[in-house]
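The lines below spell out each chain.
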There are 2 protein chains.
Amino acid sequence: MSINEQSLAYGSSKSRIREIAAYGAARKAEIGVDKVFDFSLGNPSIPAPDDVRKSIERLVAMPAAKLHSYTPASGLPEVRASIAQSINKRFAVESTELYGSDSLAEANDLYMTCGAAASITITLGALCNPGDEVMVVAPYFPEYRVWIESSQATCVEVMADSSSFQLDIAALRSALNENTKALIINSPNNPTGVVYSRESLVELAALLTEHSEKTGNTVYLIADEPYRELVYGGAEVPWLPGIYANTIVCYSYSKSLSLPGERIGWVLVSPRCAEHDQLVAAVAGAGRKLGFVCAPALFQRVIADCVDLEPNVEAYEHNRQLLMEGLGKLGYEFVEPQGAFYLWMKALEPDADAFFEKARELELLPVPSDSFGCPGWVRIGYCVDAQTIEGSMDAWAQLMESYR
Amino acid sequence: MSINEQSLAYGSSKSRIREIAAYGAARKAEIGVDKVFDFSLGNPSIPAPDDVRKSIERLVAMPAAKLHSYTPASGLPEVRASIAQSINKRFAVESTELYGSDSLAEANDLYMTCGAAASITITLGALCNPGDEVMVVAPYFPEYRVWIESSQATCVEVMADSSSFQLDIAALRSALNENTKALIINSPNNPTGVVYSRESLVELAALLTEHSEKTGNTVYLIADEPYRELVYGGAEVPWLPGIYANTIVCYSYSKSLSLPGERIGWVLVSPRCAEHDQLVAAVAGAGRKLGFVCAPALFQRVIADCVDLEPNVEAYEHNRQLLMEGLGKLGYEFVEPQGAFYLWMKALEPDADAFFEKARELELLPVPSDSFGCPGWVRIGYCVDAQTIEGSMDAWAQLMESYR
């Protein structure tokens, strides 16, 4: 084989999620869309707000040579300034409480990206050297491993608490060592729907600070936050740069503005990062290395127009209620989701894949938990039509019955 | 230093082109836009065709959840099908002449990317292993070195013919060895404006075939072709998959449709590539590793609408004539550009940087050739207003005078 084996392997193996989604699509074509209950994908079912369309319509009246021109590699300065302003408006109290007003975000702390995946590969590319370890909290989004390994670092899985799926600080403490470069935190969490509590994050910050001081190696917190605005029941998503200085926030508008195909997001190097200026430069350098010339220009400008829009999560909230009530009544055990659009449910037998196969026979398509680095559960994505949830309840009842 | 040194280095050093452009912008603000003659950037001065605007306006009437949804990683099948059809319409004769009709491009040979830079990093990521060498023909676009090195391969510069700047087949023959994985060919060429002749490409194909057969190592041709449609005087840009089987074409609409900020292009794995199916998979795997989830969805659809548009190169042609006539009359020596929007001119002293400094004192801003891996020349980008060219002639005259 003369080509790159790792790329071949990553290109040949479909993710389990995509595999199930592909099966679902084929099955729908076979027996009808209303007969298959596909909960596999994390593609927003709420359309982008109408303001996005209005913004695009307004922007295309601009001179085209200017509108579609290269932007600076880090993004249009005015776009980054408006994002920084929006961040400060929402989180300044949290940051300044701890660090004073020089912790406010500025345009230069931000680097516009082609979405969250790019935000993370660029951040890892800025930080990691061969031999470094990057910790992830299992269950976790499986692409983390791909991105960590392609940054030549090692992916270290640390289990969350096995019933609440909150952070297990003792487990994180045991996993920390002199090679630990970073920890990826994803809250609201995919796949569990958990939002990490302020208390646990403060404890985590103390642990990382203590470790960094003891070893002299800074441990960075990579906050992957595409689901930040999708929360229910008033859950608080603490602003991590206000809790831990060495935080890099990776954001995307894929979920909050329902723009997953447009690939637009950013990296924020917290102003209080130990090596802030070097890190800002390294982020730009990593973007350059990976072939990201700039984030899509039109959508950079759309974001400036829509930066303060709050998503209308009513439809997801409704779905969440339907699922919790329906599955709860049937006797299923699950973690009450506080955010994102996933419900994390215990499989009815230890082998989640075997449970998935029985579910599949009843046309139910959740994602078994092994692909998230955790046995015995399934992820039910509720970014679907409410009818899919309502229509599925008979099948969930039969599935439960089959285990009695 | 705990962060990645290479990323820091790439982020800290600005490219010479960007550095001169930044100086030009500052200088214009200081003494007036009409007093500075900035020929540094390769940003198209012709606006995107009006059909692009019309396409966007039509598309935003689509249901937003569908329009902005994730696309398959390789791109929307219908978009790739329309691109394949357009390619076959234009180049089928060339391909089938050599290889028969099974050499026609299909949707599955194409992988949509975020522009040419992404096309190249993804292709290199699919091909290269540590220890591999990738050849470039100097003078060359300096980012090639960044992308080759970040793919863990070594960049090997092979000089073009020193007067015509066509391929130097003998030099390429000497540089080929058992570690050679690929050769990047950029025609029409940045920075020289040269279009490689069919004759030289056929000779090159024979050389690579002979070498591959002798050593058992396939040498891939990476055809970087963002300037394909920008040609003058009826210059022919031969279709490389019709000349050499193991060709991967990296394309972008940045120059042909004047959409550099939108980041949209593709990789074509020629159907006749030796390891075609594995290579297609490895391209997808490399895209996944680097964090490219999909190419921007809206612009994928715009491309399907505009796939057969021919750019109107009249303005560039006019600029090219103005420059050739003006500089020719003054006695400057240059390579007559057949394509792209660059004129490659001999500096009036061996040190191109020293020549640039004297030009800069007269408010002339070309790019000295050392940053392209070649001493003694400058690149004059003529993707500018015609007035900039006309207005610059007195200064070019003074510059010539100063050397007498």
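Values in this document were obtained by computation on a predicted structure and should not be read as measured data. (Residues numbered from 1 in each chain as written. Chains lettered and ligands numbered in written order. Predicted model: local features only at pLDDT ≥ 70, side-chain atom pairs only at ≥ 80, totals over all residues.)

Chemist: Would you mind showing me how to read the overall build of chain A here?
Modeler: Within chain A one finds 14 helices and 13 strands. Rg of the C-alpha trace for chain A: 21 Å, near the compact-globule value of 22 Å for 404 residues, within the 12% margin. In terms of overall dimensions, chain A has a C-alpha envelope of 60 × 55 × 55 Å along the principal axes. When burial is assessed residue by residue, chain A has 54% of its 404 residues classed as buried. Put simply, 76% of the contacts in chain A that link residues at least 6 apart link residues at least 24 apart. (Helix = DSSP H or I, 4+ residues; strand = E, 2+ residues; numbered from the N terminus. Rg over C-alpha atoms; globule rule 2.2 N^0.38 Å. Buried ≥ 20, exposed ≤ 12 C-beta atoms within 10 Å, placed from the backbone. Contact = placed C-beta atoms within 7 Å.)

Chemist: Would you take a moment to explain the interface of chain B and chain A for this structure?
Modeler: By a widespread convention, an interface's size corresponds to the accessible area lost as its parts come together. Taken together, the contact pairs 66 residues of chain B with 66 residues of chain A. For the side of chain B that touches chain A, the secondary structure elements donating two or more residues are α1 (5-12), α3 (50-59), α4 (64-67), α6 (115-127), α7 (143-150), α10 (276-290) and α11 (297-306) of chain B. When grouped by side-chain class, the residues that make up the side of chain B that touches chain A number 37 nonpolar, 22 polar and 7 charged. (Nonpolar A, V, L, I, M, F, W, Y, C, P; charged D, E, K, R; others polar.)

Chemist: Is there a simple way to think about helix α9 (residues 198-215) of chain B in this case?
Modeler: The α-helix winds at 3.6 residues per turn, so residues separated by three or four positions along the chain end up facing the same way. Residue and element names in this part refer to chain B. Under the 1.5 Å per step criterion, the end-to-end length of α9 is 26 Å for 18 residues, consistent within 8% with the ideal 26 Å. Residues of α9 that are buried: L201, L204 and L208. Buried positions in α9, seen along its axis, are confined to an arc of 55° and lie on one side of it. Of the exposed residues in α9, the ones pointing more than 90 degrees away from its buried face are E199, E210, E213 and K214. Those residues of α9 that are buried are in contact with α8 (169-175) and β6 (220-224). (Expected span 1.5 Å × (residues − 1). Arc of directions from axis to C-beta.)

Chemist: Can you help me understand the relation of the copies chain B and chain A in this one?
Modeler: What relates the pair of chain copies is a rotation about an axis plus a shift along that axis. With an RMSD of 0.0 Å, the operation that places chain B on chain A is a rotation of 180° combined with a shift of 0.0 Å along the axis. One copy is carried onto the other by what is essentially a two-fold rotation axis. Most of the interface of chain B is mirrored in chain A, where 100% of its interface residues again form contacts. (Least-squares fit on C-alpha atoms with pLDDT ≥ 70 in both.)

Chemist: Could you clarify how one ought to interpret the domain arrangement of chain A in this entry?
Modeler: Residues and elements named next belong to chain A. Taken domain by domain, chain A holds domain 1 (5-48 + 312-402) and domain 2 (64-306). One C-alpha centre belongs to domain 1, the other to domain 2; they are set 27 Å apart. Taken residue by residue, the interface counts 27 residues in domain 1 and 27 residues in domain 2. When contributions to the side of domain 1 that touches domain 2 are tallied by element, the ones reaching two or more residues are α12 (314-330) and β10 (342-346). Per-class residue counts for the side of domain 1 that touches domain 2 are 16 nonpolar, 8 polar and 3 charged. (Domains from an automatic or database assignment.)

Chemist: Could you clarify how one ought to interpret unusual backbone geometry in this entry?
Modeler: Across residues other than glycine, the phi torsion is negative in most instances, and most of the peptide bonds are trans. The amide bond that connects A138 of chain A to the next residue, P139 of chain A, takes the cis arrangement and shows omega of -5°. Its location among the elements puts P139 of chain A in the loop between β3 (133-138) and α7 (143-150). Cis geometry marks the peptide bond from N190 of chain B to P191 of chain B, where omega comes out at 20°. Mapping P191 of chain B onto the fold places it in the loop between β5 (180-185) and α9. The backbone of S258 of chain A shows a phi angle near 55°, a positive value even though the residue is not glycine. Structurally, the position occupied by S258 of chain A is in the loop between β7 (247-252) and β8 (265-269). The exposure class assigned to S258 of chain A is buried, which follows from the 23 C-beta atoms found within 10 Å. In this model, E363 of chain A sits at a positive phi of 70°, which is unusual for a non-glycine residue. With respect to the element layout, E363 of chain A can be found in the loop between α13 (352-361) and β11 (364-365). The exposure class assigned to E363 of chain A is partly exposed, which follows from the 18 C-beta atoms found within 10 Å.

Chemist: I tried to follow the pairing of β6 of chain B on my own but got confused; where do I start?
Modeler: Each regular strand displays side chains that alternate between the two surfaces of the sheet. Residue and element names in this part refer to chain B. The buried fraction of β6 amounts to 5 of the 5 residues, a majority that puts the element mostly inside the structure. Taking every second residue as pointing to the same face, both faces of β6 are buried, with Y220, I222 and D224 on one and L221 and A223 on the other. Across 4 bridges, β5 lies against β6 in parallel orientation. Residue A182 lies in a different strand from β6, and its bridge partner there is Y220. Crossover handedness for the path β5 to α9 to β6: right-handed. Both β6 and strand β7 (residues 247-252) contribute to a ladder of 4 bridges, which runs parallel. Pairing of I222 across the sheet is with I248, part of β7. (Pairing = 2+ DSSP bridges. Right-handed = clockwise from strand over helix to strand, strands pointing away.)

Chemist: Looking at this model, I keep getting lost on the nonpolar core. Mind explaining?
Modeler: The tendency in soluble globular proteins is for nonpolar side chains to be buried as a group. In terms of nonpolar packing, the biggest core is built from 272 residues, with I222, V283 and Y382 of chain A together with I222, V283 and Y382 of chain B touching the most fellow members. Sequence-distant contacts of V283 of chain A, that is, excluding residues within four places in its chain, are made with Y111, I122, T123, A126, V267 and V269 of chain A together with G11 of chain B. (Core = buried A, V, L, I, M, F, W, Y, C linked by C-beta atoms within 7 Å.)

Chemist: What's the story with the packing of α6 of chain B against α7 of chain B in this structure? I'm lost.
Modeler: For any two helices packed against each other, the geometry comes down to the angle between their axes and how far apart the axes lie. Residue and element names in this part refer to chain B. Two elements in contact, α6 and α7, have axes whose closest approach is 9 Å; the angle formed by their N-to-C orientations is 35°. Read as a crossing pair, α6 and α7 show a hand that is right-handed. Residue-level inspection shows A117, I120, T121 and L124 of α6 in contact with α7, the latter providing E143, W147 and I148. Here the contact of α6 with α7 is built from residues that sort into 5 nonpolar, 1 polar and 1 charged. (Axes fitted to C-alpha atoms, helices over the stretch in contact; angles between N-to-C directions. Left-handed = near helix turned anticlockwise from the far one by under 90°.)

Chemist: Teacher, can you tell me more about the sheet that holds β7 of chain A here?
Modeler: Hydrogen bonds between backbone groups are what pair the strands of a sheet, and the pairing can be parallel or antiparallel. Residues and elements named next belong to chain A. What the 7 strands build is an open sheet, ordered β2-β8-β7-β6-β5-β3-β4; its pairing is mixed. Each edge of the open sheet is held by one strand with a lone partner, namely β2 (110-113) and β4 (154-159). Averaged over all neighbouring strand pairs, the angle between strand axes comes to 20°, with direction disregarded. Taken together, the 6 bridges between β3 and β4 define a ladder with parallel strand orientation.

Chemist: Even after reading the chapter, I still don't get the environment of D161 of chain B, so can you show me in this structure?
Modeler: Residue and element names in this part refer to chain B. The topology assignment puts D161 in the loop between β4 (154-159) and α8. Separated by 24 residues in sequence, D161 and V137 place their C-alpha atoms 9.7 Å apart. What D161 contacts, discounting residues up to four positions off in sequence, is Q166 and D168.

Chemist: How do you make sense of the pairing of strand β8 (residues 265-269) of chain B when you look at a structure like this?
Modeler: Residues and elements named next belong to chain B. Summarising burial for β8: 5 of the 5 residues are buried, a large majority. Of the two faces of β8, the one carrying G265, V267 and V269 and the one carrying W266 and L268 are both buried. Two strands pair when backbone bridges link them, and strand β2 (residues 110-113) and β8 are joined in this way by 4 bridges, in the antiparallel orientation. Looking across to β8, one finds that Y111 is bridged to V267. In this sheet, β8 lies alongside β7 in antiparallel orientation, the contact comprising 5 bridges. Bridging from a neighbouring strand, I248 pairs with V269 of β8.

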